[in-house]
Amino acid sequence: MRKVILVKFAPEIFLKGLNRGKFEKKLKDNIKNVIKDLNYEFVEDLGRWFIYSEQMEQIIEKVKNVFGVMEVCVVTQVEASLDNIVKQALLELQETSAKTFKVETNRANKNFSPGSMEVSRKAGSYILQNNTEVSVDVHKPECTINVEIRNMAYIYAKRIKAVGGLPYGMNGSTMLMLSGGIDSPVAGYMMARRGVELSAVYYHSHPYTSERAKDKVKQLTNILKEYTGKLTLYVVPFTEIQMQIIEKCREDELTIIMRRFMMRLACALAEKYGVNSVTTGESIGQVASQTMEGLIVSDDVSDRPVFRPLIAMDKVDIIDVSRKIDTYETSILPYEDCCTIFVPKHPKTKPRLIEIIKSESVLDIDKLVEKAITDMEIYK
């Protein structure tokens, strides 16, 4: 008998048909990568994954944040016999304060007898015989005792919810336009949760935005890295571009022209480093540049798919996710980014593409983009 960790992956992976093996291999590699500095034994038993380690708490903390993992369960492994199973089921319940329970059995080893229903009935009966203070409730029990019968038997009641999603790195890559605000880190997290590999670009307007603003974005990148395992941050100087726009373009068009430059830079970086797409934290109607017309004008300069995972979410929902992934407290630090300086008093909310193209034609767009990419800083 020993305590082990059962890793349950997302049911969606079961539906991948002939590609399922690729998803499972990627997930297994990602799990092993996050615990590579710990001592552990990884064991498979009839399709289930188990980890044995003396460092169980550290293993659990790391594995539950691996995209593709649905649950992490602390289980007791015993020899597969009915006597061992019913006795351990009683011990599992006694470790809780529950007054009602039920037993659920999954019998993957069809050579084991009796069947699943009979194992659950026998375990429930044994518990009632040896603990007169509890009762069975099959509908809303305070505790569910789970029994997994494979080559060995595994009994558990403790289940820890993990992040779910798909294995990181299985669904292409994206260049996240990462500001210091609340929205963009959440957008990055949501894309990564769907298996999309992240890189990030931050637009820095020194001296109008401080080094603290840059450090804040680095902190956000490090928080996201806890989920992705690795992440490259590109810090692109944006001051000269903004000054040129202010000097030569209409004030009410400043924001939308600035957004078009940001999109061009993100696409240029994506092209340079082989990244498939661009991701932003925009939500429809949230600010002046995020109207339908504004998004159309912004997307006009993109040469690849632009993803906006927050597009239909309201601010309260976005904040809830940011708290869950621990980016909120960093995001609200009072250091301005380039999107919050030089804001026009009356920004255009319904820009027309033909007018914006004409307005920005006075700028040497290619030269400004090329110089910003040349002068950028890279943090891995």
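As the structure is a prediction and not an experimental result, all values here were calculated from the model.

Let's talk about the packing of aromatic side chains
Per the counting criterion, the structure on display carries nine aromatic pairs. Taking the centre distance of 5.9 Å and the plane angle of 25° together, the rings of Phe-67 and Tyr-227 count as stacked. Remark: Tyr-227 occurs in helix H6 (residues 211-228) and Phe-67 occurs in the loop between helix H2 (56-63) and strand S4 (69-78); sequence separation between them is 160 residues. Pairing Tyr-234 with Tyr-273 gives two aromatic rings, centres 4.8 Å apart and planes at 25°, and the pair type is stacked. In this pair, Tyr-234 is assigned in strand S11 (residues 233-237) and Tyr-273 in helix H8 (residues 254-273), connecting sequence segments 39 residues apart. Residue Tyr-234 is classed as buried on the basis of its relative accessible area of 4%. In textbook terms, an aromatic cluster arises when at least three aromatic residues are bridged by ring pairs, as seen for Phe-9, Phe-14, Phe-42 and Trp-49. One residue, Lys-32, lies across the ring of Phe-42, its end atom 5.1 Å from the ring centre.

Remarks on the nonpolar core
One broad trend across soluble globular proteins is that nonpolar side chains are buried collectively. Ranked by size, the top nonpolar core spans 35 residues in total, and within it Tyr-203, Ile-245, Phe-261 and Leu-265 carry the most contacts. Contributing elements (two or more residues each) for this core: strand S9 (173-177), strand S10 (197-204), S11, helix H7 (239-248), H8 and helix H13 (365-374). In terms of nonpolar packing, the next biggest core, distinct from the first, is built from 29 residues, Leu-176, Tyr-189, Leu-198 and Tyr-227 among them.

Re the pairing of strand S5 (residues 100-107)
Counting buried positions along S5 gives six out of eight residues, so the element sits mostly inside the fold. Here two bridges tie S5 to strand S6 (residues 135-136), and the two strands are oriented parallel to one another. Directly across from Thr-100, in S6, lies its bridge partner Ser-135. The β-α-β motif built from S5, the intervening helix H4 (residues 116-130) and the parallel element S6 has right-handed crossover chirality. By the bridge criterion, seven bridges tie S5 to strand S7 (residues 143-149) in an arrangement that is parallel. Bridge pairing links Glu-104 to Asn-146 in S7.

Focus: helix H12 (residues 353-360)
Regarding H12, the residues found buried are Ile-356, Ser-359 and Glu-360. Take H12 and look down its axis: the buried residues cluster within an arc of 85°, on one side only. In H12, the exposed positions angled more than 90 degrees off the buried face are occupied by Ile-354 and Lys-358. In this structure, the buried residues of H12 make contact with H8, helix H9 (292-299) and H13.

Focus on the pairing of strand S1 (residues 2-9)
Of all eight residues in S1, six are buried, a share of seventy percent or more. In this structure, S1 lies alongside S4, joined through eight bridges in antiparallel fashion. Bridge assignment links Leu-6 to a residue of S4, and that residue is Cys-73.

Points about the pattern of salt bridges
Counted by the stated rule, this structure contains 33 salt bridges. Here Glu-61 ties to Lys-64 by a salt bridge, and the two come within 3.2 Å at their closest N and O atoms. The class for Lys-64 is partly exposed, based on a relative accessible area of 22%. Between Lys-99 and Glu-133 there is a salt bridge, with the nearest N and O atoms lying 3.6 Å from each other. Here Lys-99, found in the loop between helix H3 (82-94) and S5, pairs with Glu-133, found in the loop between H4 and S6; they are 34 residues apart in sequence, far enough to count as distant.

Quick notes on the packing of H8 against H13
Two numbers describe how H8 lies on H13: the axes approach to 10 Å, and their chain directions differ by 55°. Overall, the two elements H8 and H13 adopt an arrangement that is oblique. Of the two elements, H8 crosses H13, and the hand of that crossing is right-handed. Touching Phe-261, Arg-264, Leu-265, Ala-268, Leu-269 and Lys-272 of H8 are Ile-365, Leu-368, Val-369, Ala-372 and Ile-373, all from H13. Partitioning the contact of H8 with H13 into residue classes produces nine nonpolar, no polar and two charged.

Procedures and definitions
- Position numbers for residues count from 1 along each chain, tracking the sequence in the order it is written.
- Owing to the predicted nature of the model, reporting of local features is limited to residues with pLDDT of at least 70; listing and counting of side-chain atom pairs is limited to 80 or more, with chain, interface and lining totals taken over all residues.
- Excluding hydrogens and water, the side-chain figures rest on all heavy atoms present in the structure.
- Stacked, tilted and edge-to-face are the three classes applied to pairs of Phe, Tyr and Trp rings, where Trp contributes its six-membered ring and a pair requires centres within 6.5 Å; stacked means planes under 30 degrees apart, edge-to-face means over 60, and tilted covers the rest.
- Only runs of H or I of at least four residues qualify as helices and only runs of E of at least two qualify as strands under DSSP, and these elements are numbered from the N terminus.
- A 1.4 Å probe rolled over the protein chains alone gives each residue an accessible area, and that area as a share of the maximum for its type sets the label: buried under 20%, exposed over 50%, partly exposed in between.
- Definition used: whenever NZ (Lys) or CZ (Arg) falls within 6 Å of the ring centre and also within 35 degrees of the ring normal, the charge is taken to sit over that ring.
- Take the buried Ala, Val, Leu, Ile, Met, Phe, Trp, Tyr and Cys residues and link them wherever side-chain atoms come within 4.5 Å; each set so joined is a nonpolar core.
- Two strands pair if DSSP finds at least two bridges between them.
- By convention, orient the strands away from the viewer: a clockwise path from the first strand over the helix to the second makes the crossover right-handed.
- Directions from the helix axis toward the C-beta atoms define the arc.
- By definition in these notes, contact holds between two residues if any of their heavy atoms fall within 4.5 Å.
- Each salt bridge in this description consists of a side-chain nitrogen of Lys or Arg and a carboxyl oxygen of Asp or Glu lying within 4 Å of one another.
- Each axis is a line fitted through C-alpha atoms, taken for helices only over the stretch in contact, and angles between the N-to-C directions span 0 to 180 degrees.
- Orientation labels follow simple angle bins: below 35 degrees gives roughly parallel, above 145 gives roughly antiparallel, 65 to 115 gives roughly perpendicular, and whatever is left gives oblique.
- Note on convention: near helix rotated counterclockwise from far helix by under a right angle means a left-handed crossing. Clockwise means right-handed.
- Polar here means any residue other than Ala, Val, Leu, Ile, Met, Phe, Trp, Tyr, Cys and Pro, which are nonpolar, and Asp, Glu, Lys and Arg, which are charged; Gly is therefore polar.

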